[in-house]
Amino acid sequence: MIILGIETSCDETAVAVLEEGHIIRADLISSQINLHKKYGGVVPELACRRHIEVIDPLVQEALIKSGCTLRQIDAIAVTVGPGLIGALLVGVSIAKSLSYALRIPLLPIHHLEGHISAAFIEHRDVGFPSVALIVSGGHTNLYYMARKGDYRLMGHTIDDAAGEALDKGARLLGYGYPGGPIIDRLARKGNPERFRFPVPYRSRKHYNFSFSGIKTALSQRFSGMIAQSEGDLSLIQDIAAGYQEAVVESLVEKTISAVEKKKALGIILGGGVAANSLLRRRIREEADRMGVATYIPSPSYCTDNGVMIAKAGVSHYERKDFASMDLSPMANFEFSL
Ligand code: KG4
Ligand code: ZN
């Protein structure tokens, strides 16, 4: 079985070819970071136009890389939502065209199911029950998974997503987009003890997150200091380290308390923020302490990619969950199965 996976929900056009559910025959990403950088964030109209320009050549290139012809593809998996509507429309349109022309199934994938599926690319024996923390630019969700394909939402952010908090934090520190990897890099050389930020939303009574207060704290406490820092890199590194630590500790605390409550055997991480070096280390440390397993994708499978969409497509294919030609992208797509 060979699945072509297409992902265009935000600012990456990604196409992958996956054979038998685990052999990655092609994995291509055309990033738009340079396009959006000067605006400090993703500009939806520009994102959509760039997806249109690159999607056809990228599919062609993926086929060449994979050594497959179109006729050898058994199904097309595509991100249906959530995301930028114009951007999603590009992926869904090409997926529908290919499915129709080739008379092969169209597999509709929720972007977050894609992020969770990324953990199964490199871990073929994920233990259940597990708790899955999905942290991206738009989401911060904690799921309880009694088994593969079963997702119970335990908690979510009530305001900004963790990635958004890091992106905005980097902007306040005078850096560009995307800010998450920049904060990660700055924080590695910083001292998190110098400026302490309160870990947000600490209550153990629920599993929700909140990150807007910490961003306001950064702006109110430090914007004057940052403006006068005159290139004092170590000051910026120390602020970044303190800020990142508070965001990460909030994610770690809630995840660990969900694991304890549910007596889970494993922790799955996914989404762009799961590429963060401190989050990866802290989750592994806590999991080791509790004797639970971790299923953390390589950083390139944490951020948006086509392999995770093809991987999610495998179970849709197996249970014959095919979409019709009426399929439309959904900017706000609730995740419930
Ligand atoms: O999953 P993703 O690629 O796209 C969305 O679905 O949103 O996640 C993008 C987010 C951005 O906020 C970006 O700053 C963050 O992931 N990110 C990181 C790192 N790499 C990407 N955040 C912290 N540390 C990183 N190394
Ligand atoms: Zn994503």
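To start, this report covers the structure provided alongside it.

The rules behind each value
- Residues numbered from 1 in each chain as written.
- Chains lettered and ligands numbered in written order.
- Predicted model: local features only at pLDDT ≥ 70, side-chain atom pairs only at ≥ 80, totals over all residues.
- Heavy atoms only, no water.
- Core = buried A, V, L, I, M, F, W, Y, C linked by side-chain atoms within 4.5 Å.
- Buried < 20%, exposed > 50% of the residue type's maximum accessible area, 1.4 Å probe, protein only.
- Helix = DSSP H or I, 4+ residues; strand = E, 2+ residues; numbered from the N terminus.
- Salt bridge = Lys/Arg side-chain N within 4 Å of Asp/Glu carboxyl O.
- Donors = N, O, S within 2.8 Å, 3.2 Å for Na, K, Ca; no water.
- Near = heavy atom within 4 Å.
- Polar contact = N/O pair within 3.5 Å; in protein donor to acceptor, adjacent residues only side chain to side chain.
- 1 Å grid on protein atoms, 1.4 Å probe; cavity = no way out; pocket = protein on both sides within 12 Å on 5 of 7 lines; lining within 4 Å.
- Sits in = over half its atoms within 2 Å of the grid points.

A few words now on the nonpolar core. Buried together is how nonpolar side chains tend to be arranged in soluble globular proteins. L173, F197, I239, L251 and L279 are the most contacted members of the largest nonpolar core, which has 49 residues in total. Elements with a minimum of two residues in this core: β6 (130-135), β7 (140-145), α5 (162-172), α6 (179-188), α7 (212-227), α8 (233-262), β9 (266-270) and α9 (277-290). Of the residues forming this core, the biggest block, 13 residues, is contributed by α8. In terms of nonpolar packing, the next biggest core, distinct from the first, is built from 28 residues, L4, I73, I94 and L327 among them.

Attention now moves to the pattern of salt bridges. Considering all chains together, one arrives at 21 salt bridges under this definition. Among the ionic pairs, E193 bridges to R196, the shortest N-O distance being 2.8 Å. A relative accessible area of 51% means that E193 is categorised as exposed. D238 is the salt-bridge partner of R194, the closest N and O atoms lying 2.7 Å from each other. Remark: D238 occurs in helix α8 and R194 occurs in the loop between α6 and α7; sequence separation between them is 44 residues. Under the relative-accessibility criterion, R194 is labelled partly exposed at 42%. Overlapping salt bridges bring together E249, R281, R282, E285, E286 and R289 as one network.

Before going further, it helps to examine the coordination of the zinc ion (ligand 2). Bound to the zinc ion (ligand 2) are the protein donor atoms H111 (NE2), H115 (NE2) and D304 (OD), situated 2.0 to 2.1 Å from the metal. Of note, the zinc ion (ligand 2) draws all its donor residues from one chain, in the sequence arrangement H-x3-H-x188-D. Of the two residues, H111 and H115 are both situated in helix α4 (residues 111-122); the distance of four residues between them amounts to about one turn of the helix. For the residue pair H111 and H115, the accessibility class agrees, reading buried in each case.

Turning to the site of ligand 1, a few remarks are in order. Contacts to ligand 1 come from 19 residues, most closely from H115, G137, D167, G180 and D184. Side-chain polar atom of H115 to an oxygen atom of ligand 1: 2.9 Å apart, as the coordinates give it. In this structure, an oxygen atom belonging to ligand 1 sits 3.0 Å away from a main-chain N or O atom of G272. Cavity membership is defined here by more than half of the atoms lying within 2 Å of grid points; on that basis ligand 1 lies in the largest pocket. Listed by contribution, the elements that provide at least two residues to the shell around ligand 1 are α4, α5 and α6.

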